[in-house]
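Tertiary structure, described
The residues making up each chain are set out below.
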Amino acid sequence: MNERKIALITGITGQDGSYLSEFLLDQGYEVHGIIRRTSTFNTDRIDHIYIDPHSPDAKLFLHYGDLTDGTTLRRILEQVKPREIYNLGAQSHVRVSFDSPEYTVDSVAMGALRILEAVRDYQQRTGIEVRFYQAGSSEMFGKVIEVPQTETTPFYPRSPYSCAKVYAHWQTINYRESYDLFACNGILFNHESPRRGETFVTRKITRAVARIVEGTQQKLYLGNLDSKRDWGYAKDYVRAMWMMLQQDQPDDYVVATGETYEIKEFLDIAFGHVNLDWHNYVAFDPRYLRPAEVDLLIGDPTKAREKLGWKPSVTFEELVKLMVNADLINLNLPTPDGSKGVDSTLNRRNFASIVD
Ligand code: NAP
Ligand code: F7E
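Residues numbered from 1 in each chain as written. Chains lettered and ligands numbered in written order. Predicted model: local features only at pLDDT ≥ 70, side-chain atom pairs only at ≥ 80, totals over all residues. Heavy atoms only, no water.

**Notes on the overall build of the protein**
We apply this condition: Secondary structure elements follow DSSP: runs of H or I of four or more residues count as helices, runs of E of two or more count as strands, with numbering from the N terminus. Radius of gyration here is computed from C-alpha atoms only, and the compact-globule reference equals 2.2 Å multiplied by the residue count raised to the power 0.38. We call a residue buried when its accessible area falls under 20% of the maximum for its residue type, exposed when it is over 50%, and partly exposed in between, using a 1.4 Å probe and counting protein chains only. Whether two residues touch is decided by their heavy atoms; if any such pair falls within 4.5 Å, the residues are in contact. Computed with the Shrake-Rupley method and a 1.4 Å probe, the accessible areas treat only the protein chains shown as cover for residues. By the counting scheme adopted, Arg and Lys are positive, Glu and Asp are negative, and His together with the chain ends is not counted. To locate a charge, take NZ of a lysine, CZ of an arginine, CG of an aspartate or CD of a glutamate.
Within the protein one finds 10 helices and 13 strands. The C-alpha radius of gyration of the protein comes to 20 Å, within 12% of the 21 Å expected for a compact globule of 356 residues. Buried residues in the protein amount to 53% of all 356 residues. Counting contacts in the protein only where the partners sit at least 6 residues apart, residues at least 24 apart contribute 79% of the total. Carbon and sulfur atoms make up 48% of the accessible area of the protein, which amounts to about 15500 Å² in all. Side chains of the protein carry 41 positive and 49 negative charges; the gap between the two charge centres is 3 Å.

Now the structure itself:
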């Protein structure tokens, strides 16, 4: 496979989509991404790798579409003729999924089904193999039945988002078994970075730390501080996605660090990095509580390590500090350890007609 290395990514404008695009371009792929039409620019995370598509050097191409629009997904598939599809698009915020359950399920569950159907027809008609990656989540384990969680731990989803991810997970397996698709589920535990969406708890904290240092924010309002998460670095996790699609056989993999920390421990390191005590700044706001919470997640990445040769490269403490540093740099503030930062590519808009 891969004589023509062409990949199609849904959710290319998201945290993972941006890192995966960089990774695939480095591997020599032609990368195509589906972006949503929005009234303001939504391409900040990929502006730095985009060049004018009229250039002979262009390797990254964008197409308007939406996971709720099956006709367009099919049209893009026919036009791009990818060998690999990474389905990363989603309404990915767990708390928001309680407010907008129908839309969340449409984009997450039905979106995956729409692509699988399109791939099934395309592959049957052309005989060309299209490898498919489904962005599954540790949220599927929800109210955990087993510690740590592995590929065989039963799911117990606790939100509209995670119920939809369980549906997409099983449809991916169903299409693999029914139609012989090379379809893989990654069961990825939380992964973060300086490109993490601003309303997820880690980035909300690191942005607040930088703004408190700057003097433009006084308080940080959070919800439940007792939950525990297995947090890794997003750049490591997109590598695992690609590795799954390079195997001889399709399979499902847990991708995690194998360590778990409380949000309070994230706060300790983030505020401690700039010599502040978070107890003086953090306040409780019940609006950030969820109707049902996931208390503890910790993954067992043994299978990914042994079969894919994957392992994380960044420790929890390094992750927290690199995120705080990047948010300080975004505000033109010095970093406590003199670091110049990583992934501080945001806000460098490339005006080479990224959208038309
Ligand atoms: P993210 O930053 O929220 O990005 C989501 C992407 O999906 C964005 O590009 C977004 O476009 C796009 N999108 C949203 N609704 C869409 C729709 N209806 N049609 C097409 N595209 C749509 O998420 P992420 O952190 O990169 O995560 C990538 C995937 O992995 C998601 O499926 C997420 O659920 C899953 N996941 C994430 C984690 C994690 O810890 N990050 C862990 C496990 C699984 P806009 O930019 O226009 O909003
Ligand atoms: O919440 C608590 C919150 O929104 C983590 C998504 O990428 O990872 C992510 O889902 C914890 C929860 O991530 C606030 O109650 C407290 O216990 O950062 P989060 P998440 O829900 O774990 C999984 C693997 C995905 O698949 C998802 O797509 O932090 N928390 N106070 C808060 N959370 C938020 N967002 N905001 C708060 O103020």
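On we go from here.
**Topic: the confidence of the model for the protein**
Let me state the cut-off plainly: Along the chain, pLDDT gives the predictor's confidence residue by residue, from 0 to 100.
Predicted confidence across the protein gives a mean pLDDT of 95, with 96% of residues reaching 70 or more. This stretch, residues 347–356, has a pLDDT under 50; its non-local contacts, to residues over four places away or in other chains, come to 22 contacts.

**Thoughts on the sheet that holds strand β4 (residues 84–87)**
Quick note on the threshold: In this description, strands pair whenever DSSP reports at least two bridges between them. Axis lines are fitted through C-alpha atoms, for helices just across the contact stretch, and the angle between N-to-C directions can take any value from 0 to 180 degrees.
On the basis of which strands lie adjacent, the open sheet formed by 7 strands has the order β3-β2-β1-β4-β5-β6-β11 and parallel pairing. Of all strands in the sheet, those bounded by a partner on one side alone are β3 (60–64) and β11 (252–255). Across the sheet, the axes of successive neighbouring strands diverge by a mean angle of 20 degrees, strand direction being ignored. Here strand β2 (residues 30–35) pairs with β3 via 5 bridges, running parallel. The partner of Ile 35 across the bridge, within β3, is Tyr 64. The strands touched by helix α1 (residues 15–26) within the sheet are β1 (6–10), β2, β3 and β4, with β1 carrying the most contacts at an inclination of about 175 degrees. Taken strand by strand, helix α4 (residues 101–126) contacts β1, β4 and β5 (131–137), and its axis lies near 170 degrees from that of β4.

**Observations concerning the pairing of β2**
Note the following rule: Throughout, right-handed denotes a crossover for which the path from the first strand over the helix to the second runs clockwise when the strands point away from the viewer.
β2 sits mainly inside the fold: 5 of its 6 residues count as buried. Pairing between β1 and β2: 5 bridges, direction parallel. Looking across to β2, one finds that Ala 7 is bridged to Val 31. In the classification by handedness, the crossover that spans β1, the intervening α1 and the parallel β2 is right-handed.

**So, the nonpolar core**
In plain terms, the rule: As used here, the term nonpolar core means buried Ala, Val, Leu, Ile, Met, Phe, Trp, Tyr and Cys residues forming a set that is joined through side-chain atoms within 4.5 Å.
Core analysis: the largest hydrophobic core is formed by 64 residues, its most contacted members being Leu 24, Tyr 86, Tyr 133, Ile 205, Met 244, Leu 267 and Phe 271. Element by element, the count of residues in this core is highest for helix α7 (residues 234–245), at 9 residues. Among residues more than four places away in sequence, those in contact with Phe 271 are Ile 205, Val 209, Ile 212, Leu 220, Leu 276, Trp 278, Tyr 281 and Val 282.

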